[in-house]
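# Chain and residue survey
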Amino acid sequence: GRTGVRPEIARTYLGMLNAGITPVVHEYGSLGCSGDLAPLAHCALAAMGEGPVRRADGSRTDATTALAEHGIPAVVLAEKEGLALINGTDGMLGMLCLAIADLRMLLHTADIATAMSVEGLLGTDHVFAADLQALRPQPGQAISADNIRKVMADSPIRLSHDTDDCPRVQDAYSLRCAPQVTGAAWDTLAHAAQVAGWELAAAIDNPVVTLDGRVESNGNFHGAPVAYVLDFLAIVAADVASMSERRTDRFLDKARNNGLPPFLADDPGVDSGHMIAQYTQAAIVSELKRLAAPASVDSIPSSAMQEDHVSMGWSAGRKLRRSVDGLTRVLAIELLTAARGLGLRAPLLPSPATGAVVAALREGVHGAGPDRFLAPEIEYAVHLVSSGRALAAAEAVTGPLA
């Protein structure tokens, strides 16, 4: 409330959302201050029955046609409503909420991928014990370690070298310290979700209508609080992806993969195995590191110097969407590689949970063998991750992860 719009305006937006009518919003146009003016104007335009939109099936049409197809009357704006619909942080906030939902799924997937890599590389799960994690009471760390333990539970591969004469003393950091990194990501995500929750409950319009009827100017449209966490999450995506890539690389190195063939190749020296898949990961991780540079520290004055400090939160949101996509692809390649590594440990079997993820992959991707066209297999793995099917496969065994 407090923005001075009629309830039918909210009902129109709700109707468009439920009908899957998506206004076509251009990528550039917002500085994240005085609100996401241009992007939000495109949304308001659609509610007025103007401008291009996409239907739920993705097809493009004009707003008048789309509204009519669902019996939604186009709005005729009254006093104050036009300004209320374009002011504020709703554009960048929407991107933040979408990223939070995606990252919750991806961090669970990162914990699953870690478990698969530790298992496939003959690492130990002793370091993930609850009492060791409790020595450093970071909440996310405990969550991540608990997830990894659940996914690795009852692994015949792990049990095969859980002996007094096992030569493994300390695993590499990308294995041993995964809960510390992914756990910190969980805590950062929790902070971002708290900021998003506050913003969802906020009146970020200017001016606002107060409870006693005053119309007052204010600065609540400034996007700094949202911009900061959008940038923070891009750092998280880059670092989680960076650790994932390091685990994948260990699988491919004969000196570090504990008995697996070089590059997991069928005929080392002739076949390339997953060498180029790791190249792909490395290229994405490099880009994610560039995307981790904050947008919110920049400001370009506008509006004849009236708006002399802006948040660039919209740019931070756009950047984060690319980071989320990149993290998805990096984790997918780790799952693909870890699954191949686990298969090469036969006749030893993986844990029931990791085995379920491997089985889901095998519905569209063959196991180890001679070189073949990898791009379709990577894309299948990407869809398995982005759709949540990889997480669902593990949770079908473990129950809901923390």
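It should be noted that the structure appears before, not after, this text.
What comes next concerns the included structure. Since the structure is predicted, the reported quantities are computational estimates derived from the model, not experimental observations.

## Some points on the nonpolar core
Core analysis: the biggest nonpolar cluster contains 88 residues, and Leu96, Leu106, Ile112, Met116, Leu233, Leu327 and Leu335 have the highest contact counts within it. Of all the elements, helix H5 (residues 90-120) adds the most residues to this core, at 15 residues. With residues near it in sequence (within four places) discarded, Leu96 still touches Ala192, Ala196, Val226, Val229, Leu230 and Leu233. Core analysis: the second largest hydrophobic core is formed by 14 residues, Ile21, Ala46, Leu67 and Ile72 among them.

## Considerations on the packing of helix H11 (residues 224-252) against helix H12 (residues 275-291)
For the pair H11 and H12, the least separation of the axes is 9 Å and the interaxial angle reads 160 degrees. Here H11 is positioned roughly antiparallel relative to H12, judged by the angle of their axes. Relative to H12, H11 is oriented so that their crossing is left-handed. Facing H11, whose interface residues are Ala234, Ala237, Ala238, Ala241, Ser242, Ser244, Glu245, Arg246, Thr248, Asp249 and Leu252, H12 presents Met275, Gln278, Gln281, Ala282, Val285, Leu288, Lys289 and Leu291. Residues of the contact of H11 with H12, tallied by class, amount to 10 nonpolar, five polar and four charged.

## Comments concerning unusual backbone geometry
The amide bond that connects Asn206 to the next residue, Pro207, takes the cis arrangement and shows omega of 0 degrees. The topology assignment puts Pro207 in the loop between helix H10 (178-200) and strand E4 (208-209). Residue Pro347 is reached from Ala346 by a cis peptide bond, and omega for that bond is 15 degrees. Looking at the secondary structure, you find Pro347 in the loop between helix H13 (313-343) and helix H14 (352-362). At Ser34, a position not held by glycine, the phi torsion is positive, near 65 degrees. For Ser34, a relative accessible area of 16% gives the class buried. Of note in the backbone geometry, Asn258 takes a positive phi value of approximately 60 degrees without being a glycine. With respect to the secondary-structure elements, Asn258 resides in the loop between H11 and H12. Look at Asn258 and you get partly exposed, because its relative accessible area is 31%.

## Notes on the sheet that holds strand E3 (residues 60-62)
Taking strand neighbours across the sheet as the criterion, the three strands line up as E1-E2-E3 in an open arrangement whose pairing is antiparallel. In the strand order of this sheet, the two ends are held by strand E1 (22-23) and E3, each with one partner. For E1 and strand E2 (residues 52-54), the ladder comprises two bridges, and the chain directions are antiparallel. Note on E2: the bridge partner recorded for Pro23 is Val53.

Calculation rules
- Residues numbered from 1 in each chain as written.
- Predicted model: local features only at pLDDT ≥ 70, side-chain atom pairs only at ≥ 80, totals over all residues.
- Heavy atoms only, no water.
- Core = buried A, V, L, I, M, F, W, Y, C linked by side-chain atoms within 4.5 Å.
- Buried < 20%, exposed > 50% of the residue type's maximum accessible area, 1.4 Å probe, protein only.
- Helix = DSSP H or I, 4+ residues; strand = E, 2+ residues; numbered from the N terminus.
- Contact = heavy atoms within 4.5 Å.
- Axes fitted to C-alpha atoms, helices over the stretch in contact; angles between N-to-C directions.
- Parallel < 35°, antiparallel > 145°, perpendicular 65-115°, else oblique.
- Left-handed = near helix turned anticlockwise from the far one by under 90°.
- Nonpolar A, V, L, I, M, F, W, Y, C, P; charged D, E, K, R; others polar.
- Pairing = 2+ DSSP bridges.

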